[in-house]
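Working through the structure, step by step
For reference, the chains in residue letters:
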Amino acid sequence: MIDQDFYDNYFRALLNGDRLTCGKIVQTLLDQGIEIKVLYRQLFEKTLYEVGHLWENNKISVAREHLVTAITESLLNMVYPHLFKKNRVSKKAVISCAANEYHQIGGKMVADILELNGWDTYFLGANTPTDQMLAFIGDIKPDMLGLSLSIYFNFPALKQEIEAVNASFPQLDIIVGGQAFRWGKMPFLDDFKNLHYIASLDLLEKEFGINDNKVDSE
Amino acid sequence: MMPIYETFLNESSLLFFILDQQGTIQSANRSAHKFLGDTLAGKPFESIVLDFYNTFDFDSFRQKENVVQPLNIKRRNGLPQTYLFKFKTHGNSIYAVGELDNDELETVRKEILELNEELSNLTRELHKKNAQLDALNQEKNQFLGMAAHDLRKPIGLILSYSEFLIDEASPDLNAEHIGFLNTIQKSCVFMKRIVDDFLDVSAIEAGEFELDLRPVNIGDVLEQGLRLNKLQAEKKGIALMVKKSPELPRLLIDQSKIEQVITNLVSNAIEHSPPKSQVAVTLTFDAGQIKFSVEDQGSGIPKDELDKIFKPFKKTSIKKTGGEKSTGLGMVIARKIIEAHNGRIWINSKVNKGTHVHFILPEKGAAHE
């Protein structure tokens with residue numbers, strides 16, 4: 001559990017674009033042995049949603065929102081030395097942002113949570129063209145595809161992408177999530193039987209059961 | 001000018017100047033003062049322009065009325081900023097209006113964000129690959145350790161039987177057969193060394209390298225370590241000169257491992273020494289530190305090859321004088337052992353002069369942090 005004072009100091013520094021202070025706070029938490037999942041859910045995810053909310057309400061500028069994302073993205077680098085050490089399960093996931101979607105950090109955090117649970121993840125980043133993603137899925141043959149959507153207006157692109165994936169890989173499990181879904185789940189999502197909407201990083205583990213798999217070795 | 005426009009111009013983020021016909025600033029709005037400085041009136045307009053090559057010509061700018069012209073402006077914070085300027089003459093005055101090139105700023109911002117994302121993705125990939133390499137390295141060490149462990153026993157048996165035959169059956173064998181046995185024995189000794197080194201390295205890399213620390217007299221450790229070296233030096237006709245301080249302290253060290261290092265370093269020196277040369281070993285105690293050094297008169301190591309010495313399986317171009325073989329692991333193991341004792345090991349060498357290897361151990365041995 002992250003202390004409220006810690007959270008408030010971090011959030012203030014984040015909004016002020018003070019990367020160094022944010023880095024110090026994250027380092028302190030890491031030194032204290034915070035669980036990576038807790039750091040992701042209670043600090044990174046929570047602040048990003050809060051900042052997104054401020055942006056949607058015209059309380060902060062696009063530039064400020066981008067600065068916050070860029071700082072958070074650089075802070076994820078501090079976590080990586082702790083992230084990939086876990087024992088592996090024999091599961092692979094491809095994680096991507098929908099075409100035209102430039103906000104990649106949510107998808108990356110999903111990939112990181114999967115890594116923490118022993119999955120091998122392939123993170124394709126922002127604005128991945130559909131044909132390239134299909135080719136990559138064909139090569140890697142993942143157990144799951146994760147698609148992140150932050151901007152509500154990109155739902156049509158997401159739908160097209162899901163249709164294309166479903167046509168080529170009908171058995172592939174697909175998870176979707178991201179800030180765009182805060183405005184409500186689109187009805188078309190129910191048309192795809194292998195599609196799962198994941199509302200938060202917490203629910204990624206709880207609902208989708210990604211940590212139910214037995215690890216290969218201790 | 002109507003007062004309402006004046007108010008807006010004063011409050012807007014545009015830079016606004018009124019100049020005389022010579023280009024001297026008569027007045028400026030609040031933004032201009034905020035970004036460029038408090039005192040602008042009376043200054044020539046060109047004084048606020050960054051003009052590296054002295055090519056700025058105010059007259060030619062002012063004559064292009066209503067044409068947007070980019071100018072790099074010196075801001076009061078010392079950073080240059082590009083503004084898009086328009087000039088307009090009205091009566092005896094010239095009006096100059098500059099606005100930020102927002103398209104350019106937006107392009108730069110987008111590029112930086114994309115680069116930041118790419119860098120972050122690459123960093124993630126790099127960490128992932130590192131973790132995979134670590135895992136592979138561990139598997140390799142496990143395999144190496146298992147293979148070396150399983151090979152040790154049969155090699156030991158072949159070595160024992162070959163030595164037994166050399167000792168006991170020599171009178172019944174001809175010179176050629178004895179030669180074969182000697183070759184088998186020498187090869188076994190070398191194989192055993194490789195296997196021992198592999199076991200050491202795999203233990204070190206797997207983090208299973210443990211020190212058996214006991215208080216021992218370092219002078220005794222030196223004597224023990226040199227036992228094999230003395231025979232080796234004698235066989236090659238090399239003078240092994242040993243000099244040690246009369247009073248040496250007891251240190252908390254792993255005796256067998258420090259002996260291993262001493263034997264190895266001195267053995268290297270002998271192997272690289274020409275016959276009838278000298279190998280000097282010194283052991284002193286000074287300023288709370290044990291200082292060991294071994295110096296040979298061999299061919300020396302070229303400067304550009306010195307960094308290979310402490311890297312696994314890297315061998316220098318220098319050949320041993322008696323054709324002895326090397327695993328390329330001895331110095332790696334020596335360094336690990338010395339560092340595990342909180343010590344330091346280093347090497348100096350000059351081509352055609354010889355090589356000087358040193359290590360120091362703190363008086364408190366491995367207990368010292």
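The shown structure was predicted, so the numbers you read here are calculated from the model rather than taken from an experiment.

This paragraph deals with the sheet that holds strand β4 (residues 80-90) of chain B. Residues and elements named next belong to chain B. With respect to topology, 5 strands assemble into an open sheet ordered β2-β1-β5-β4-β3, the strand pairing being antiparallel. Looking at which strands have only one partner, the edges of the open sheet turn out to be β2 (25-28) and β3 (69-74). With direction set aside, neighbouring strand axes in the sheet form an average angle of 35°. The sheet contact formed by β3 and β4 spans 6 bridges and is antiparallel.

Another aspect to go through is the UniProt feature "coiled-coil region" (unreviewed entry) in chain B. Under the UniProt annotation, "coiled-coil region" (unreviewed entry) lies at residues 102-139 of chain B. Between the end C-alpha atoms of residues 102-139 of chain B there is a gap of 55 Å, over a span that is 100% helix and 0% strand.

Residues and elements named next belong to chain A. By domain assignment, chain A separates into domain 1 (4-83) and domain 2 (92-208). Facing 20 residues of domain 1, the contacting portion of domain 2 comprises 20 residues. Among the residues domain 1 hides against domain 2, the three largest losses belong to Arg41, Tyr49 and Leu83. Together they make up 30% of the total. Run the count over domain 1 and domain 2 and you get 4 salt bridges. Here Asp202 and Arg41 are joined by a salt bridge, their closest N and O atoms 3.3 Å apart.

The subject of this paragraph is the side chain of Arg41(A). Residues and elements named next belong to chain A. Assignment of secondary structure puts Arg41 in helix α3 (residues 36-56). For Arg41, the side chain forms a polar contact with the side chain of Asp202, separated by 3.3 Å. Within the structure, the side chain of Arg41 is placed 2.5 Å from the side chain of Glu205, a separation counted as a polar contact. Not counting the four nearest positions on each side in its chain, Arg41 is found in contact with Lys46, Leu201, Asp202 and Glu205.

A word on the nonpolar core. Core analysis: the largest hydrophobic core is formed by 48 residues, its most contacted members being Tyr10(A), Val26(A), Leu39(A), Tyr40(A), Leu43(A), Phe44(A) and Met109(A). For this core, the elements supplying multiple residues, two or more each, are α1 (4-15), α2 (19-31), α3, α4 (62-83), β1 (92-97), α5 (105-116) and α8 (201-208) of chain A. For this core, the domains that each give at least three residues are domain 1 (4-83) and domain 2 (92-208) of chain A. For Val26(A), the residues in contact, after removing those within four places along its chain, are Tyr10(A), Leu39(A), Leu43(A), Phe44(A), Leu75(A) and Met78(A). One finds Val261(B), Leu265(B), Val279(B) and Phe310(B) within the second-largest nonpolar core, a separate group that totals 41 residues.

We now examine the packing of α5(A) against helix α4 (residues 102-168) of chain B. Interhelical geometry of α5(A) versus α4(B) gives an angle of 10° and a closest axis separation of 13 Å. It follows from the interaxial angle that α5(A) and α4(B) lie roughly parallel. Residues Lys108(A), Ala111(A), Asp112(A) and Glu115(A) of α5(A) form the contact with α4(B), whose participating residues are Glu117(B), Ser120(B), Asn121(B), Arg124(B) and Lys128(B). Within the contact of α5(A) with α4(B), the residues separate by chemical class into 1 nonpolar, 2 polar and 6 charged.

On to α4(B). Every α-helix winds through 3.6 residues per turn, so residues three or four apart in the chain are directed the same way. Taking 1.5 Å of rise per residue, 67 residues should cover 99 Å, and α4(B) covers 95 Å from first to last C-alpha, within 8% of that figure. Its maximal kink placed at Arg152(B), α4(B) deviates by approximately 30°, while the proline Pro154(B) follows within four residues.

A complete count under the given rule lists 22 aromatic pairs over all chains for this structure. Ring centres of Phe58(B) and Phe87(B) lie 6.0 Å apart, and the angle between their planes is 85°; on these two criteria the pair is classed as edge-to-face. Linking Phe58(B) in helix α3 (residues 58-63) with Phe87(B) in strand β4, this pair joins segments that are 29 residues apart in sequence. With a relative accessible area of 5%, Phe58(B) lands in the buried category. The class of Phe87(B) is buried, set by a relative accessible area of 0%. Aromatic ring contacts, followed pair by pair, group Phe17(B), Phe45(B), Phe56(B), Phe58(B), Phe61(B), Phe85(B) and Phe87(B) into a single cluster. Between Lys46(A) and the ring centre of Tyr7(A), over which it is positioned, the NZ or CZ distance is 4.5 Å.

Conventions and cut-offs
- Residues numbered from 1 in each chain as written.
- Chains lettered and ligands numbered in written order.
- Predicted model: local features only at pLDDT ≥ 70, side-chain atom pairs only at ≥ 80, totals over all residues.
- Heavy atoms only, no water.
- Pairing = 2+ DSSP bridges.
- Helix = DSSP H or I, 4+ residues; strand = E, 2+ residues; numbered from the N terminus.
- Axes fitted to C-alpha atoms, helices over the stretch in contact; angles between N-to-C directions.
- UniProt positions renumbered as here; feature names shortened; annotations may be inferred.
- Domains from an automatic or database assignment.
- Contact = heavy atoms within 4.5 Å.
- Buried area = accessible area lost by both parts, 1.4 Å probe.
- Salt bridge = Lys/Arg side-chain N within 4 Å of Asp/Glu carboxyl O.
- Polar contact = N/O pair within 3.5 Å; in protein donor to acceptor, adjacent residues only side chain to side chain.
- Core = buried A, V, L, I, M, F, W, Y, C linked by side-chain atoms within 4.5 Å.
- Buried < 20%, exposed > 50% of the residue type's maximum accessible area, 1.4 Å probe, protein only.
- Parallel < 35°, antiparallel > 145°, perpendicular 65-115°, else oblique.
- Nonpolar A, V, L, I, M, F, W, Y, C, P; charged D, E, K, R; others polar.
- Expected span 1.5 Å × (residues − 1).
- Bend = angle between axes of the 7 residues up to and from the residue.
- Phe/Tyr/Trp six-rings, centres within 6.5 Å; stacked < 30°, edge-to-face > 60°.
- Lys NZ or Arg CZ within 6 Å of the ring centre and 35° of its normal.

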